[in-house]
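A structural walkthrough
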Amino acid sequence: MCDSVIEALHEAVGEQANQATFHGYMDECGAPFLRGTIARYYQKRGVDICENEVFISSGASDELGDILDLFDTTSPALVMEPAYPAYVDANVMAGRKVIHLSSGEYNAFLPEPEDVGADIIYICSPNNPTGAVFSKKQLKKWVDYANMTGAVILFDAAYEAFIEDDSLPHSIFEIDGAKQCAIEICSLSKTAGFTGTRLGYTVIPKTLERGNMNVREMWVRNRTTKTNGVSYIIQKGAAAVFSEEGQRQIKENIDVYKSNAKVLMQVFDALGIWYSGGKNAPYIWIKCPQGMNSWEFFDYLLNEIQVVGTPGSGFGACGKGYFRFSAFGETEDTKIAAKRIYDLLKK
Ligand code: PLP
């Protein structure tokens, strides 16, 4: 984690040690200082979001499950696959019908809307596991579709900080009409190393209404019932991520992962292996070589060169025959792994 965050966390612990600066229960929807900071983070990027449209959570995964309280169990959910497995599992646990929309190399793993009768639409961009990122034009089609059908888009922006191509959207709210149909769920886990510290945020625009009900207001009611807020200490650490110095420091860390991704991409380029991602995302999604299936390739790498990755088949049926490499490693380890992969597969 970056120095700015660590300093803020220490400071917050110190505050809790003194009666004069002690914080008890926090606001259920998030501390105003952090909600305001995140709203300004959006505003700086030209997205007009206000403080009370931002909700602080203990992580995107927690929120992706909790947010389903807003929907009836008879509302079908559309999951574009390959996908982060929690989307499917959380809906199955809630007894909801899941519609699987597959994608592949033919559409660069970026599917277009299909009229399948879904009330909830998951979009993850940049995508885990494929690293594919929707363009503004592609997202606009989904926004128009949701507004036409009355569906709500759950937009997972957990990897937005990895986008380096300026033309690509970091937020669904960069798209006209999204404030009438989307909820954005974000996380500091990959942006700033908060995987074990836990903090996420959710944006629900005031203008999102369904069935004459205001979704933001319903979420306030839900949060004030079901949580007593996120720890003051962690929220203070999270605010430091958005300071000027914090932003500089997290960018430095993200650049390390980006250079790891480059090292791996060079190997796949040299070997002529098809892949997506790596540029605007920390994941590289490859087609398994020599016709191997995902688990055969996993075993092959593990047994022959002691390198591990994630079999693509775990992300949905259309992930079969693919494999995900992660750039979240030590630079030296990544270089060693890349060389071993090259030496193994060049034969
Ligand atoms: N969303 C996606 C697409 C992820 O890949 C992950 C973690 O891997 C999460 C959400 C979970 O984030 P958090 O750690 O904030 O729960």
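In short, a report on the structure. Computed from a prediction, not measured in an experiment: that's the story for all the values here. (Residues numbered from 1 in each chain as written. Predicted model: local features only at pLDDT ≥ 70, side-chain atom pairs only at ≥ 80, totals over all residues. Heavy atoms only, no water.)

A few words on the packing of helix H1 (residues 3-16) against helix H8 (residues 232-241). Packed helix pairs are characterised by how far apart their axes lie and by the angle those axes make with each other. Contact geometry of H1 with H8 gives a least axis separation of 8 Å together with a crossing angle of 150°. Judged by the angle between their axes, H1 and H8 are roughly antiparallel. Where H1 crosses over H8, the two elements pack in a sense that is right-handed. Touching Ser4, Val5, Ala8, Leu9, Glu11, Ala12, Val13, Glu15 and Gln16 of H1 are Tyr232, Ile233, Ile234, Lys236, Gly237, Ala240 and Val241, all from H8. (Axes fitted to C-alpha atoms, helices over the stretch in contact; angles between N-to-C directions. Helix = DSSP H or I, 4+ residues; strand = E, 2+ residues; numbered from the N terminus. Parallel < 35°, antiparallel > 145°, perpendicular 65-115°, else oblique. Left-handed = near helix turned anticlockwise from the far one by under 90°. Contact = heavy atoms within 4.5 Å.)

On to helix H11 (residues 331-345). Helix length check: H11, at 15 residues, gives a terminal C-alpha distance of 21 Å against a target of 21 Å (1.5 Å per residue), a fit within 8%. For H11, the full list of buried residues reads Thr334, Ala337, Ala338, Ile341, Leu344 and Leu345. Within H11, the buried residues cover an arc of 135° as seen down the axis, which keeps them to one side. Every exposed residue of H11 that faces more than 90 degrees away from the buried side is listed here: Glu332 and Lys339. (Expected span 1.5 Å × (residues − 1). Buried < 20%, exposed > 50% of the residue type's maximum accessible area, 1.4 Å probe, protein only. Arc of directions from axis to C-beta.)

Okay, helix H7 (residues 215-226) next. In this model H7 runs 16 Å from its N-terminal to its C-terminal C-alpha over 12 residues, within 8% of the 16 Å that 1.5 Å per residue would give. Taken as a whole, H7 has its buried residues at Val215, Arg216, Trp219, Asn222 and Arg223. In an axial view of H7, the angular spread of the buried residues amounts to 115°, which keeps them on one side of the axis. Residues of H7 that are exposed and point more than 90 degrees away from the buried face comprise Arg221 and Thr225. Where H7 is buried, its residues touch strand E1 (54-57), helix H3 (60-66), strand E6 (182-187), strand E8 (209-210) and strand E9 (213-214). At the N-terminal boundary of H7, the capping side chain belongs to asparagine 214, with an oxygen 3.1 Å from the backbone nitrogen of arginine 216. (Polar contact = N/O pair within 3.5 Å; in protein donor to acceptor, adjacent residues only side chain to side chain.)

Here seven strands make up an open sheet; going across it, the order is E1-E7-E6-E5-E4-E2-E3 and the pairing mixed. In this open sheet, the two edge strands, each paired with only one partner strand, are E1 and strand E3 (98-102). Each strand axis lies, on average, 20° off the axis of its neighbour in the sheet, ignoring direction. Relative to strand E7 (residues 200-203), E6 is paired through four bridges, and the arrangement is antiparallel. (Pairing = 2+ DSSP bridges.)

Let us look at the pattern of salt bridges. Under the definition given, this model contains 19 salt bridges. Between glutamate 15 and lysine 236 there is a salt bridge, with the nearest N and O atoms lying 2.6 Å from each other. Remark: lysine 236 occurs in helix H8 and glutamate 15 occurs in helix H1; sequence separation between them is 221 residues. One exposure class covers both glutamate 15 and lysine 236, and it is buried. Where glutamate 63 meets arginine 223, a salt bridge forms, and the shortest distance between an N and an O atom there is 3.9 Å. Of this pair, glutamate 63 sits in helix H3 while arginine 223 sits in helix H7, placing them 160 residues apart in sequence. (Salt bridge = Lys/Arg side-chain N within 4 Å of Asp/Glu carboxyl O.)

It is worth spelling out empty space enclosed by the protein at this point. Counted according to the given criterion, the structure contains one cavity of 30 Å³ or more. Of the volumes computed, that of the largest cavity is approximately 100 Å³. What lines the largest cavity is a set of 15 residues, and nearest its centre among them are Met80, Pro82, Phe109, Cys124 and Asn127. Broken down by secondary-structure element, the contributors of at least two residues to the lining of the largest cavity are strand E2 (77-81) and strand E4 (120-124). Considering each element in turn, the lining of the largest cavity owes the most residues, three residues, to E4. (1 Å grid on protein atoms, 1.4 Å probe; cavity = no way out; pocket = protein on both sides within 12 Å on 5 of 7 lines; lining within 4 Å. Points joined across faces, edges and corners; volume = space filled by probe spheres on them.)

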